[in-house]
Amino acid sequence: MTTPDTARHTPNSMDGNPTIDERANHCFGCGPANPQGLHLAFTTDTSNPEAITATCHFQLDRMHEGPPGYIHGGIVAALLDEAMSKLNRPLNVLAMTRHMEIDYLRPVPLYQPLVLIGRHLNRPAKDGTPGRKLFHQAEIQHPDGTVLARSKGLFIAIDEKLLFAAGITPPEA
Ligand SMILES: CCCCCCCCCCCC(=O)SCCNC(=O)CCNC(=O)[C@H](O)C(C)(C)COP(=O)(O)OP(=O)(O)OC[C@H]1O[C@@H](n2cnc3c(N)ncnc32)[C@H](O)[C@@H]1OP(=O)(O)O
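Residues numbered from 1 in each chain as written. Predicted model: local features only at pLDDT ≥ 70, side-chain atom pairs only at ≥ 80, totals over all residues. Heavy atoms only, no water.

Looking at an unreviewed UniProt entry, the chain carries the name Acyl-coenzyme A thioesterase THEM4, with the source organism given as Tunturiibacter gelidiferens. Heading Sequence similarities (unreviewed entry) of the UniProt record for the chain holds this comment: "Belongs to the THEM4/THEM5 thioesterase family." (UniProt positions renumbered as here; feature names shortened; annotations may be inferred.)

### What to know about the nonpolar core
Ranked by size, the top nonpolar core spans 29 residues in total, and within it Phe58, Ile71, Leu79, Leu116 and Ile140 carry the most contacts. If you list the elements that add at least two residues to this core, you get β2 (53-58), α3 (73-85), β4 (114-122), β7 (133-141) and β8 (147-157). Counting residues per element, this core draws most heavily on α3, which supplies 6 residues. (Core = buried A, V, L, I, M, F, W, Y, C linked by side-chain atoms within 4.5 Å. Buried < 20%, exposed > 50% of the residue type's maximum accessible area, 1.4 Å probe, protein only. Helix = DSSP H or I, 4+ residues; strand = E, 2+ residues; numbered from the N terminus.)

### Section: the environment of Pro124
As for its position among the elements, Pro124 is in the loop between β4 and β5 (125-126). Taking the C-alpha atoms as reference points, Pro124 and Thr46, separated by 78 residues in sequence, lie 19 Å from one another. The contacts of Pro124, once residues within four sequence positions are left out, are Pro130, Gly131, Lys133 and Phe135. (Contact = heavy atoms within 4.5 Å.)

See the structure below:
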C-alpha cells in the first residue's frame, strides 16, 4: 500500500527504510526536492568544538514577503530555526526544536544578500554524560554586520529508537 505524499512528505518511491537524510529531502528550509522550499545551504565550522557554527548566505524575493519589501516574520523564524538545527548533526545528535525565542531587531529586507549564522552555545551534562538539551543561538545579519534578527533555541535529542519506530533509518555514525 502506498501513502500519499501529503501525509508522508516524501515520494511514494521512498517506501522501505529511507534514511533520515532521504526523509529530509523535502524539508522546507533545506530540502533540495521541495520546489517551494527555501533551499538553504549551510557551511559548518567545527574547528572549535566549543563553538561550532553553521553559516548560510541567502536572498529572498516576494514569495516570502510580509511587510512591503521585507521578509515575513514567520519565515524569519524558519530561517533562524533552520540555522540552529544545522548545529545538531556536527554534534552527532538528531534533535528537534523544543523552544525558541526571537528578537526581531530590524525589518529583514527582500532582494538583498544576507547572512544566517547558527552558533552552538552549550549542552549541559546530566549524571556525568551529555544531556538531551542543546542550547543554540542564531542571527540574520546584513552584509555590513548589522544584526537584524536573533534567536535562542532549546533542542531535545531524539532517541534513535523513535526513528526506527517511525520507519526511518538513522544516519551512519
Ligand atoms: C522523528 C524525528 C526526526 C527528527 C530529525 C531532525 C529534524 C530537524 C528539524 C529541524 C528543527 C525543527 O524545526 S523541528 C520541528 C519543530 N519541533 C517540533 O515539532 C517538536 C515537537 N515537540 C516534541 O516532539 C517533543 O516535545 C520533543 C520530542 C522535542 C521532546 O519531548 P519529551 O522528550 O517528552 O520532552 P519534554 O518534556 O517535552 O521537554 C524536554 C525538556 O525541555 C524542558 N523545557 C521545555 N521548555 C523549556 C524552556 N523554555 N527552557 C528550558 N527548558 C525547557 C522541559 O522542562 C524538559 O526538561 P526535563 O524535565 O527533561 O529536564
